[in-house]
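Examination of the molecular architecture
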Amino acid sequence: MFPGPKYTLAWGNTRRQEWDLSRGDPIEKLAGVLTGARKVAVLSGAGLSAESGVPTFRGKEGLWKQRNPVELATPEAFRADPELVWEFYNWRRQKILGVEPNPAHVALADLERRVPAFVHVTQNIDGLARRAGGENIIELHGNLFSTRCFECGREQPDLSGPVPFPTSCERCGGLVRPGVVWFGEPVPLLEDAIESLRDADLLFVVGTSAVVQPAASLAMVCKSAGAFVAEFNIEATPLSGRLDLQIVGPVGTTLPRVVARAFAGG
Ligand code: APR
């Protein structure tokens, strides 16, 4: 399905000359940076879960190619037709419950255990990184398996299975909604994410099209603070040219390879 992994260097940054391909495999170079890093951060998107069988949003078969986000992933959509919105999120819950973390999730959990400090900021709501054993994870867009009252905001974590419609809040009787961040809503954990990224010396930007704010600008927060930033994706993104290194290929292959190269000499 995917082309064989191929590694390229990012364009248009000062380290480009220094990281000439003739000087070796960029995976090896990145493994070297990783070995010396004190705090490693990860910023991930839907591409991280693609090899588990979870559809991305903007690819050829992307979720938003088949559905209009404005009709399903906004507070206005919920106000207009809460049952339809729940149908969509219950379908997504069911889909995620039927898949497993992939080698990229496992590699990140492994990496977390091996470096002195680690944080994973994810736009994904599927919980797969945690199911793979990841711990210090900031779920920027919430979690598919939590719910929140549309009126009073009371949160209910970790509810598996479909949520019957309508479900009322036990505290105020309001309608319960998915515990995720929709388009046009504030991102409650944004400040935490910025804070956690500020002192990272290495950032992996993994499987995100980098077009949705504020998540996309977080990579630049890290870069401006002096981190070495490497992107893992199957294609170039609007960020690619501004980062230090680009590793092109499916993350289920590339991430385990970098971690193995850094810590097991593999
Ligand atoms: N390995 C690496 N990258 C991959 C892989 C893979 N196996 N498969 C897909 N990708 C890349 C695509 O090339 C694309 O750049 O993953 C990215 C997925 O992009 P999007 O579908 O736009 O997902 P994401 O960046 O997470 O979207 C951000 O948009 O709709 C909202 O809230 C939703 O959190 C989501 C946000």
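Residues numbered from 1 in each chain as written. Predicted model: local features only at pLDDT ≥ 70, side-chain atom pairs only at ≥ 80, totals over all residues. Heavy atoms only, no water.

So, the packing of helix H9 (residues 190-198) against helix H10 (residues 215-224)
- Following both chains from N to C, one finds H9 and H10 inclined at 30°, their axes separated by 9 Å at the closest point. Taken together, the axes of H9 and H10 lie roughly parallel to each other. Where H9 crosses over H10, the two elements pack in a sense that is right-handed. Only Leu218, Val221 and Cys222 of H10 make contact with H9, whose side of the interface consists of Leu190, Ala193, Ile194 and Leu197.
- Looking at the contact of H9 with H10, its residues break down into seven nonpolar, no polar and no charged. (Axes fitted to C-alpha atoms, helices over the stretch in contact; angles between N-to-C directions. Helix = DSSP H or I, 4+ residues; strand = E, 2+ residues; numbered from the N terminus. Parallel < 35°, antiparallel > 145°, perpendicular 65-115°, else oblique. Left-handed = near helix turned anticlockwise from the far one by under 90°. Contact = heavy atoms within 4.5 Å. Nonpolar A, V, L, I, M, F, W, Y, C, P; charged D, E, K, R; others polar.)

So, the sheet that holds strand S2 (residues 117-122)
- What the six strands build is an open sheet, ordered S3-S2-S1-S7-S8-S9; its pairing is parallel. Only two strands of the sheet have a single partner each, and these edge strands are strand S3 (137-139) and strand S9 (245-248). Within the sheet, the average angular offset between the axes of one strand and its neighbour, ignoring direction, is 15°.
- In this sheet, S9 lies alongside strand S8 (residues 228-233) in parallel orientation, the contact comprising four bridges. Following the sheet pairing, Asn233 is matched in S9 by Val248. (Pairing = 2+ DSSP bridges.)

Observations regarding helix H1 (residues 26-36)
- Every buried residue belonging to H1 is among Pro26, Ile27, Leu30, Ala31 and Leu34, and all of these are buried. When H1 is viewed along its axis, its buried side chains cluster within an angular range of 140° and face the same direction.
- Looking at where H1 begins, the residue whose side-chain oxygen comes 2.8 Å from the main-chain nitrogen of Ile27 is Asp25. (Buried < 20%, exposed > 50% of the residue type's maximum accessible area, 1.4 Å probe, protein only. Arc of directions from axis to C-beta. Polar contact = N/O pair within 3.5 Å; in protein donor to acceptor, adjacent residues only side chain to side chain.)

That is the geometry; function is a separate question.
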